[in-house]
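A structural walkthrough
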Amino acid sequence: MVQNIKTNLPGQGDEDRKIRERMAKIKHKILVISGKGGVGKSTFAANLAYAFVADGDSAGILDIDIHGPSQGRITGIEGLQMTINPDNSIKPIEKGGVRIVTMASLLQDSDQPVIWRGPLKMKAIKQFLGDIDWGELDWLVIDSPPGTGDEPLSAVQLLPEMDGSVIITQPQDLSLLDARKTVKFSQTIGVKVLGIVENMSGFICPHCGKRTDIFKSGGGKKAAEEMKVPFLGSIPIEPAIMESGEMGKPFVWMFPDAESSKIMKEIAGKIRAELEK
Ligand SMILES: Nc1ncnc2c1ncn2[C@@H]1O[C@H](COP(=O)(O)OP(=O)(O)OP(=O)(O)O)[C@@H](O)[C@H]1O
Ligand SMILES: [Mg+2]
């Protein structure tokens, strides 16, 4: 059981000072997490950053999924190299106004697995926070690997000022169990739950317009009510959301007026309202 994680705050060392200085220039940091894999965290995290930018804010995405980074693909920056500033800090790759940092940008070969244990992952996340020249930002959206492992723990340990978490879940009962567990994880490590998002909630047939609840629907809301945390919204299954991720053009950016983009922008609005009230 991991408790009192924040008692182990960043210390006085050079690396910790760098992190504090860089992170002081970023107004809000949000952790996107889920209990289960493949529920749409990375897709949501990317779209959330673009939704903030669509509303005139500045945003960055930090992909702390060291073993399975997907922000390179989703934001279309795969194969692009980050550049080094004269002071040896690293410039994030910028696309559509969003600054993106992912392990994928550091790998020579995207087929090569990263085989690292906890301490090395912590070190990489430290460098993502301290050595990257993020500049001034309103939002840093942090995309995590599934579950409650080293990566989100390290991020929270290094960023005691983390504003909160957004928990992604799917509508079926099996996912609810995971959503509840993830709410407890966030609360246990002292990160406020900003809310639950139900992803892949119903499918609207593009031909006849009829809605089919492939994975049921309403489970995310039920979990939020049970756990007494906000429910932020339901995003339907939409082939174009998947395709835009494959093409490297986040949905909100590509189809700003689509119904699902409106839902994602509404979710961004709720998060902003909560954190800036
Ligand atoms: N609302 C949606 N409609 C259609 N496809 C979606 C939707 N959300 C996510 N997807 C697709 O589902 C797959 C999994 O999504 P994604 O990679 O974002 O999940 P993840 O939770 O980050 O996975 P992991 O746990 O492996 O990090 C992707 O192919 C993505 O394009
Ligand atoms: Mg992911």
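For the structure given in this document, a descriptive report is provided here. (Residues numbered from 1 in each chain as written. Chains lettered and ligands numbered in written order. Predicted model: local features only at pLDDT ≥ 70, side-chain atom pairs only at ≥ 80, totals over all residues. Heavy atoms only, no water.)

Notes on unusual backbone geometry
Rule in force here: Here a strand is any run of E in DSSP of at least two residues, a helix any run of H or I of at least four, and the numbering for each starts at the N terminus. Between buried and exposed lies partly exposed: a residue is buried under 20% and exposed over 50% of the maximum accessible area for its type, with that area taken using a 1.4 Å probe on protein chains only.
Although it is not a glycine, methionine 200 adopts a positive phi angle of roughly 60°. Along the chain, methionine 200 turns up in strand S9 (residues 193–204). On the basis of relative accessibility, which here comes to 22%, the residue methionine 200 falls in the partly exposed class. For lysine 228, which is not a glycine, the phi torsion comes out positive at approximately 55°.

Focus: the side chain of glutamate 151
Quick reminder of the rule: Contact definition: two residues touch when any of their heavy atoms are within 4.5 Å.
With respect to the helices, strands and loops of the structure, glutamate 151 is situated in helix H5 (residues 150–158). In contact with glutamate 151, other than residues within four places in its own chain, are Ile64, Ile66, His67, Lys121, Ile125 and Pro145.

A short note on the side chain of threonine 75
Stated formally: Residues adjacent in sequence count toward polar contacts only when both atoms are side-chain atoms; beyond that, a polar contact is any pair of N or O atoms within 3.5 Å, and within protein one must be able to donate a hydrogen and the other to accept it.
Tracing the backbone through its elements, the reader meets threonine 75 in the loop between helix H3 (71–74) and strand S3 (83–84). Note on threonine 75: relative accessible area 0%, which makes it buried. In terms of polar contacts, threonine 75 uses its side chain to reach the backbone carbonyl oxygen of glutamine 71, at 2.6 Å. In this view, threonine 75 contacts Ala46, Tyr50, Ile61, Lys95, Ile100, Gly248 and Pro250; residues no more than four positions away in its chain are not counted.

A few points about the layout of surface pockets
To keep it simple, the criterion reads: Using a 1 Å grid laid over the protein atoms alone, points where a 1.4 Å probe fits but cannot get out form a cavity; open sets with protein on both sides within 12 Å along at least 5 of 7 lines form a pocket; any residue with an atom within 4 Å of a point counts as lining. Grid points are joined across faces, edges and corners, and a volume is the space filled by probe spheres set on the points. In the scheme used here, Gly and all other residues not listed as nonpolar or charged are polar, with Ala, Val, Leu, Ile, Met, Phe, Trp, Tyr, Cys and Pro taken as nonpolar and Asp, Glu, Lys and Arg as charged.
The space that makes up the largest pocket amounts to roughly 320 Å³. Lining the largest pocket we find 19 residues, and of these Gly40, Thr43, Met200, Ile241 and Met242 sit closest to its centre. Broken down by secondary-structure element, the contributors of at least two residues to the lining of the largest pocket are helix H2 (41–54), H3, S9, strand S11 (231–237) and helix H8 (239–247). In terms of residue count, the dominant contributor to the lining of the largest pocket is H8 (5 residues). Residues that form the lining of the largest pocket fall into these classes: 10 nonpolar, 6 polar and 3 charged. Here the second largest pocket defines a volume of roughly 250 Å³. Broken down by element, the lining of the second largest pocket gets its largest block of residues, 3 residues, from H3.

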